[in-house]
Amino acid sequence: MTGVLGAALPAVPLVAGLLGLLLPPASKGATGGEDAARRAAIGLGVAGAAGALLVAVLLLVRVGDPVETSTSWIDLGGLRVTLGVRLDGVAALVAVAVAAVALAVQVYSVAYLRRGPHDDVEVDHRYPPYAAQISLFTAAMLLVVVSGDLILLLVGWEVMGLCSYLLIAHDRRLPEAPAAAMKAFLVTRVGDVGFLLGIALLGVSAGSFRIADVLAHDHATGTLTAACLLLLAGVAGKSAQFPLHTWLPDAMAGPTPISALIHAATMVAAGVYAVTRLYPLFTQAPVSLAVLGVLASITLLLGALAATAQDDLKRVLAWSTVSQLGYMTGALAVGAPAAALFHLLTHAAFKALLFLAAGAVIHAVGTTLLSRMGGLRRSMPVTFWCTLIGLGALAGVPPLSGFWSKDGVLAAAEAAALDGTGPAPAWVGWLVWLAGLLGVLLTAAYATRLLLRAFFGEPRLPLLHPHDPPALMRWPVLLLAVPATLLGLAGFTQWFWHRLFFPTAPALAPGDQLLVHLGPALLLPIVLVLAGAGLAWAGWRRDPAADPARALGPLRPVFASAFRLDDLQHTLVVRPTTALARVARTGDEVGVDGLVEGVGRGASALGAGLAALHRAALPRATAAVLAGALLIGLAAALIGVSS
């Protein structure tokens, strides 16, 4: 039964998505009511996500020890590809998070993609494909979660990339949306080339793509290191790690609920989850973990610094996601996959909460710019308190969820630095720990700045009368505030940490299996949170109408452009690639096509000449025949004489 539930987990939203794709575009009836297509799309989308959540909860209750079922699918000369699921506590917990966020997004979107007070035209005429694509996106992520075979995992991995392209480009009236979707698709594809090659190396080495076989096989050191480094390329793309992070902020051109889905529990979480799935291999290749630690530290600080200078509300949250992903991959680098998963789960809760609350603000004021907000605390009290909880969890304010999970990452990095407990060199622990501490300070600063700019001070658009969102948008936000507040306390329970630790470190003694750490070490992150929040508050207090980010001075445009790495990538990669493509196109059109067309033209001209001779008048033709006969006779005579 557990295996059947595991197979049903991605199948339920998959069926809902495929049925939804058959629906025609929605339209308003003569009375302005919702038409049948939109109602059917809503029903399928919500039912698919709710069904997936129900199955995930049943799995969470049923799964204790790891369970695996598989059947052979393809056998290529002894290289087996299987269809099956691999279930354990981690898979069940992540599946619950994915399905819960997907359900919240489906319900929220019903009201969000309706004509609002600032919309001149209908915004939901393509609602049926939108809801169907969310269901397919959810199914793809759940396939990654439960897959027992690397090829099956790759299928879900790639379908997510396709769905992200379609969803980011949903509103085609925005010129930046298709461009952002194409950028996300291409940048992640760059990493996916390495991911595919890494899977191929592991499968060929083990003689099977089944995850259990790959983990049990004794791989050659060189092969394993190369495979792990190639896998990290795919992780860098999907989980927005430096230098393949540039697509994630631009993806904000998509609808806000899609930003919540991508940033909270699907696409960006897939890379972290994939590494934990194969973590025993990475511990045998410490070079790959060292590389991961360097990338994580750069990503963590890059995202935090960029977030401090953004004026766009959604881009602040997007760069925040980049930074928080650095914490997760940093935990993996220092040998703490359970801490990475714990932060992944809490981040899913509070980042989904923040994006949906941001959507409520944007829906009410009609802009994403913080410089045009202000004073929303009084007119949108529900949204304010939910945003306060989300930002507190993001910054690591005790006792909210993010405080406990982020402390778990910092404690693991500290132990790796001071005691050398991690599988990577001790300097990796120092790098992740120091970057993580600085990240705490920066996160508290930009979270406080966002709160003050949006909700405090005087309204900057006094003619507007914003209010809290309607019930279908308000209830998902309120319900997500519960795990954002309390999920961190689950780290104290044996039931919870046993499920996070068992798949990756079953041999640890119970005393070593700690997700939360009570002691003097907690004081340093708390002091850093207070310092960061105090700096932002002090800058705002001096002039509530001004932006606290002005204190950055000449560094502000540098941080706002994320150190111009996007421009550098465009200069070093995009332009040369485009120029090479032009050269190839010119060579194809002028050289290859020119040669082919030239041969054709030559044959045509020769045929035309022969045709002209064939149509010659009889006297000329007779003369030509006689001349030819004379030449042949002359040639024969000469040959006879010479012989």
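All values derive from a computational prediction rather than experimental measurement. Along each chain, residue indices are assigned from 1 in the same order as the chain's sequence is written. In view of the model being predicted, local features appear only for residues whose pLDDT reaches at least 70, and side-chain atom pairs are presented and counted only at 80 or more, with totals across whole chains, interfaces and linings using the full set of residues. Computation of side-chain values: all heavy atoms of the structure, hydrogens and water removed.

**Thoughts on the environment of Phe282**
Our working rule: Strands here mean DSSP runs of E at least two residues long; helices mean DSSP runs of H or I at least four residues long; both are numbered from the N terminus. Only protein chains enter the area calculation, which uses a 1.4 Å probe; residues under 20% of their type maximum are buried, those over 50% are exposed, and those in between are partly exposed. In what follows, a contact means two residues having at least one pair of non-hydrogen atoms within 4.5 Å.
Within the secondary structure, Phe282 is located in helix 12 (residues 279–283). A relative accessible area of 1% means that Phe282 is categorised as buried. A C-alpha to C-alpha distance of 32 Å links Phe282 and Arg564, two positions 282 residues apart in sequence. Leaving out residues up to four positions away in the same chain, Phe282 has contacts with Cys228, Leu231, Leu232, Val275, Ser288 and Leu289.

**Considerations on the side chain of Asp547**
Note the threshold: N or O atoms within 3.5 Å of each other form a polar contact, as long as, within protein, one can give a hydrogen and the other can take it, and as long as residues adjacent in sequence are counted only when both atoms are side-chain atoms.
Mapped onto the fold, Asp547 is located in the loop between helix 22 (523–542) and helix 23 (555–560). Here Asp547 falls in the buried class, since its relative accessible area comes to 9%. Polar side-chain contacts of Asp547 include one of 2.7 Å to the side chain of Arg556. Dropping the residues within four chain positions of it, Asp547 is found in contact with Arg449, Arg453 and Arg556.

**Things to note about the packing of aromatic side chains**
Here is the rule we go by: Working definition: a ring pair exists when centres of Phe, Tyr or Trp rings (six-membered ring for Trp) sit within 6.5 Å. Plane angles under 30 degrees give stacked, over 60 give edge-to-face, the rest tilted.
Using the criterion set out here, one finds 13 aromatic pairs in the structure. Judged by centre distance (5.6 Å) and plane angle (55°), the ring pair of Phe384 and Phe455 falls under tilted. Within this pair, whereas Phe384 is found in helix 17 (residues 381–395), its partner Phe455 is found in helix 19 (residues 426–455), the two being separated by 71 residues in sequence. The two residues Phe384 and Phe455 agree in class, both being buried.

**Comments concerning the nonpolar core**
As a reminder, the rule being used: The set of buried Ala, Val, Leu, Ile, Met, Phe, Trp, Tyr and Cys residues whose side-chain atoms join them within 4.5 Å is what this entry labels a nonpolar core.
One finds Trp247, Ile262, Phe282 and Leu500 to be the most contacted residues of the largest nonpolar core, which totals 195 residues. The element best represented in this core is helix 15 (residues 337–365), accounting for 21 residues. For Ile262, the residues in contact, after removing those within four places along its chain, are Phe137, Ser164, Ile168, Trp247, Leu248, Met267 and Val268.

**As for empty space enclosed by the protein**
Stated formally: Here a cavity means grid points, on a 1 Å grid over the protein atoms only, where a 1.4 Å probe fits yet cannot get out; a pocket means an open set of points with protein on both sides within 12 Å along at least five of seven lines; lining residues are those with an atom within 4 Å of a point. Grid points are joined across faces, edges and corners, and a volume is the space filled by probe spheres set on the points. Note on residue categories: nonpolar means Ala, Val, Leu, Ile, Met, Phe, Trp, Tyr, Cys or Pro, charged means Asp, Glu, Lys or Arg, and polar means any other residue, Gly included.
This structure, assessed with the given rule, holds four cavities of 30 Å³ or more. Space inside the largest cavity adds up to approximately 60 Å³. If you go around the largest cavity, the residues you meet are Leu313, Leu317, Leu354, Ala357, Ala358, Val361, Thr387, Leu450, Ala454 and Phe455. Mapped onto the lining of the largest cavity, the elements with two or more residues apiece are helix 14 (313–333), helix 15 and helix 19. Looking at the lining of the largest cavity element by element, the count peaks at four residues for helix 15. Tallied by class, residues from the lining of the largest cavity come to nine nonpolar, one polar and no charged. In this model, the second largest cavity occupies a volume close to 40 Å³. What lines the second largest cavity is Ala395, Gly396, Phe403, Lys406, Asp407, Leu410, Val440, Pro525 and Val529. Among the elements of the structure, helix 18 (401–418) and helix 22 are those that each provide at least two residues to the lining of the second largest cavity. The residue makeup of the lining of the second largest cavity, split by class, is six nonpolar, one polar and two charged.

Geometric values such as these leave the question of function open.
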